[in-house]
Amino acid sequence: MAQNTYKTGEKAPESGTYKVQSLVSGGSSSQDNTEVKVEKGEQFPPSPSSNEAAHWVKTS
């Protein structure tokens, strides 16, 4: 089963811990292993290390 990914600016469907899977621009996210807690209904933030739009995936 593929993991659901969420884009910067989208609202979180559920509370949890999320990490950057990739950058929307296609740039490398290899330096971006930061996990953030997002509450249900909050918007996903930009990538913490590059401040670019990112694709997020839930880790827990």
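In this text, all values refer to a predicted model and were calculated from it rather than measured experimentally.

What counts, and at which threshold
Here, residues in each chain are numbered from 1, in the same order as that chain's written sequence. Reporting of local features is limited, given that this is a predicted model, to residues whose pLDDT is at least 70; pairs of side-chain atoms are given and counted only at 80 or more, and all residues count toward the totals for whole chains, interfaces and linings. Each side-chain value is derived from all of the structure's non-hydrogen atoms; neither hydrogens nor water enter the calculation. Put simply, DSSP H or I for four residues or longer makes a helix, DSSP E for two residues or longer makes a strand, and each gets a number counted from the N terminus. Three labels apply to residues, based on accessible area from a 1.4 Å probe with only protein chains included: buried if under 20% of the type maximum, exposed if over 50%, partly exposed otherwise in between. We call two residues in contact whenever any of their non-hydrogen atoms come within 4.5 Å of each other. Computed with a 1.4 Å probe, the accessible areas rest on the Shrake-Rupley method; for each residue, only the protein chains presented here act as cover. Residues belong to one nonpolar core when they are buried, are Ala, Val, Leu, Ile, Met, Phe, Trp, Tyr or Cys, and are joined through side-chain atoms within 4.5 Å. By salt bridge we mean one thing: a side-chain nitrogen of Lys or Arg within 4 Å of a carboxyl oxygen of Asp or Glu. Here a pair means two rings of Phe, Tyr or Trp (six-membered ring of Trp) with centres within 6.5 Å. Their orientation is stacked below 30 degrees between planes, edge-to-face above 60, and tilted elsewhere.

Thoughts on the overall build of the protein
Okay, step 1: Check the secondary structure of the protein and you find zero helices and four strands.
Okay, step 2: Its helices and strands in sequence order give the protein the pattern β-β-β-β, from N to C terminus.
Okay, step 3: Looking at the protein residue by residue over its 60 residues, the buried ones come to 27%.
Okay, step 4: Within the protein, counting contacts between residues at least 6 apart in sequence, those at least 24 apart form 65% of the total.
Okay, step 5: Carbon and sulfur atoms make up 45% of the accessible area of the protein, which totals about 3900 Å².

Section: the side chain of Thr-17
Okay, step 1: Inspection of the secondary structure puts Thr-17 in strand E2 (residues 16–23).
Okay, step 2: The residues touching Thr-17, leaving out its near neighbours within four places in the chain, are Glu-35, Val-36, Lys-37, Val-57, Lys-58, Thr-59 and Ser-60.

What to know about the nonpolar core
Grouped burial of nonpolar side chains is what soluble globular proteins tend to show.
Okay, step 1: Among the nonpolar cores identified, the biggest contains 10 residues, and these are Tyr-6, Ala-12, Tyr-18, Val-20, Leu-23, Val-36, Val-38, Phe-44, Ala-54 and Trp-56.
Okay, step 2: When residues of this core are assigned to their parent elements, the largest contribution, three residues, is made by E2.
Okay, step 3: Setting aside residues no more than four positions away along its own chain, Tyr-6 makes contact with Pro-13, Tyr-18, Phe-44, Ala-54, His-55 and Trp-56.

Structural notes on the pattern of salt bridges
Okay, step 1: Taken as a whole, this structure holds one salt bridge when the rule is applied.
Okay, step 2: The residue Glu-14 makes a salt bridge to Lys-58 at a minimum N-O spacing of 3.4 Å. Residue Glu-14 is found in the loop between strand E1 (5–7) and E2, and its partner Lys-58 is found in strand E4 (residues 54–58); the two are separated by 44 residues along the sequence.

Comments concerning unusual backbone geometry
Okay, step 1: For Asn-51, which is not a glycine, the phi torsion comes out positive at approximately 60 degrees.
Okay, step 2: Looking at where Asn-51 falls in the secondary structure, it is placed in the loop between strand E3 (35–38) and E4.

Some words on the packing of aromatic side chains
Okay, step 1: This model, assessed by the stated rule, comprises four aromatic pairs.
Okay, step 2: An angle of 85 degrees between the planes, with centres 6.0 Å apart, marks the rings of Tyr-6 and Tyr-18 as edge-to-face. Of this pair, Tyr-6 sits in strand E1 while Tyr-18 sits in strand E2, placing them 12 residues apart in sequence.
Okay, step 3: Among the aromatic residues, those joined into a ring-pair cluster are Tyr-6, Tyr-18, Phe-44 and Trp-56.

Shape descriptors only; they carry no functional weight alone.
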